[in-house]
Amino acid sequence: MENFEPVIVAFCCHYCAYTAADMAGSMRLHYPPNVKIIRVPCSGKVDAIHVMKSLEKGADGVCVAGCLDGDCHFKNGNVRAAHRVEYLKKLLDEIGIGGERVEMFAMSAGMGERFAQTATDFTEKIRKLGPNPAKVAHQAQRAAG
Amino acid sequence: MITAERKPMEELIRCVKPYRSILLAGCNECVTVCAAGGRKEVGVLASALKMHFMKAGQPLEVQEITLERQCDPEYVDQLVSNIDQVDAVLSMACGCGVQEVARRYPNKPVFPALNTKFMGASERQGVWAERCQGCGDCVLGYTGGVCPVARCSKQLFNGPCGGSSNGKCEIDPSVDCAWQLIWDRLKALGMTESYEENLPAKDWRPGGGGGPRRIIREDMVI
């Protein structure tokens, strides 16, 4: 697994994390290209099914990035997202994939540096965890024929 | 609605372990509303099972389908095109739906993915509470629209017991005393004379005490 490059799916709220990612770009801050950003109108839009299907289709880690506590454009979408992520962590532990592959982050639109740092830290964390075990088994099975 | 909760993953994994392909069948009615067995929950559980068994080196094929209702034969018939392609069915409906699928497809093992809980109402987002036990002889008209069968821990019919304290039940401070609710509502409606009326000992036969129940509407039977 020396050459393992994790695939990270990041569901980013339009009003904060997505803009923070944009800000990181404007500030010429580097963050790993492993992070594939999906813009959502609010982190509360992200449902368990989006995260589960991401992992099933080969993501090694998924993060949901929403607004800071109390700053949600839609009042409490970020709180709902955080609850869903907690639920998913338990489910992923139960099925042996590991709840640590899913994480919730909070930031404001102006936090370009926070976005770049979070993306880097999460990518490194997933790199240490190794590839999504379901994906590894799937690839091994395909290779076997 | 009929409320339900997903069974622990460990139990579900044990159920489907002997099979190579399953049909995961959701229901678009009550269990969709209580977020236990609708289309979305079918998708999440299908992913979870596929990933678990893939990791275990024993890939599981999961067909996802969500019927309009699983408790009506007309809808359960729709599984006919899928049923021969799978080894077993994992139903995300309430117990009624699971039994209807089992009855319709006698040669196919059918397992419940949910634990069916009670007939309830939504108290707030994500919280459901029991409201009816289907006793077969409704008394809500005498009790201000609050059910003493489903909501009084002792199913008392003529006022509270000594365990009612500050409007709460002695079994749990988060449970309202049904008779406090009944009294408050009767008072607000100016119907306190209803409280004075003694309800006789309840006949539990219509509530299932006489064995499994059925309704026959002669005007509808074909």
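Above this text you will find the structure in question.
Residues numbered from 1 in each chain as written. Chains lettered and ligands numbered in written order. Predicted model: local features only at pLDDT ≥ 70, side-chain atom pairs only at ≥ 80, totals over all residues. Heavy atoms only, no water.

### Considering the environment of Leu 49 of chain B
- On the secondary structure map, Leu 49 of chain B appears in helix α3 (residues 39-55).
- Assessed through its relative accessible area of 0%, Leu 49 of chain B is described here as buried. (Helix = DSSP H or I, 4+ residues; strand = E, 2+ residues; numbered from the N terminus. Buried < 20%, exposed > 50% of the residue type's maximum accessible area, 1.4 Å probe, protein only.)

### With respect to the sheet that holds strand β2 (residues 35-40) of chain A
Residues and elements named next belong to chain A.
- In space, the 4 strands of this open sheet follow the order β2-β1-β3-β4, with parallel pairing throughout. The open sheet has two free edges, formed respectively by β2 and β4 (102-106), since each of these has just one partner strand. Neighbour-to-neighbour, the strand axes of the sheet open up by a mean angle of 20°, direction not taken into account.
- Where strand β3 (residues 61-66) meets β4, 5 bridges bridge the pair, whose relative direction is parallel. Looking at the pairing, Ala 65 lines up with Phe 105 of β4.
- Across the face of the sheet, helix α1 (residues 17-26) comes into contact with β1 (8-13), β2 and β3 while running at roughly 110° to β1.
- Helix-sheet contacts for helix α4 (residues 112-129) involve β1, β2, β3 and β4, and the interaxial angle to β4 is about 165°. (Pairing = 2+ DSSP bridges. Axes fitted to C-alpha atoms, helices over the stretch in contact; angles between N-to-C directions. Contact = heavy atoms within 4.5 Å.)

### Focus: α1 of chain A
All names here are of chain A.
- For α1, every residue scored as buried is listed here: Ala 17, Ala 20, Ala 21 and Ala 24. The arc that holds every buried residue of α1, seen down its axis, measures 105°, which confines them to one face.
- Elements that come into contact with the buried residues of α1 comprise β1, β2, β3 and α4.
- Remark: Arg 28 follows α1 within two positions and exhibits a positive phi of approximately 60°. (Arc of directions from axis to C-beta.)

### Observations regarding the pattern of salt bridges
- According to the stated counting rule, one finds 20 salt bridges over all chains in the structure shown.
- The partner of Lys 7 of chain B in a salt bridge is Glu 11 of chain B, with the nearest N and O atoms 2.9 Å apart.
- Measuring nitrogen to oxygen at the nearest pair gives 2.5 Å for the salt bridge that ties Arg 104 of chain B to Asp 77 of chain B. Residue Arg 104 of chain B is found in helix α6 (residues 95-104), and its partner Asp 77 of chain B is found in the loop between α4 (73-76) and α5 (80-83); the two are separated by 27 residues along the sequence.
- Assessed through its relative accessible area of 27%, Arg 104 of chain B is described here as partly exposed.
- Each of Lys 53 and Glu 56 of chain A together with Lys 50 and Glu 64 of chain B takes part in a single network of salt bridges with overlapping partners. (Salt bridge = Lys/Arg side-chain N within 4 Å of Asp/Glu carboxyl O.)

### Concerning unusual backbone geometry
- Positioned with a positive phi, Arg 28 of chain A is a non-glycine residue whose angle comes to about 60°.
- In the Ramachandran plot, Ala 35 of chain B falls in the positive-phi region, its phi being about 55° despite a non-glycine side chain.
- According to the relative accessible area criterion, Ala 35 of chain B is partly exposed, its value standing at 45%.

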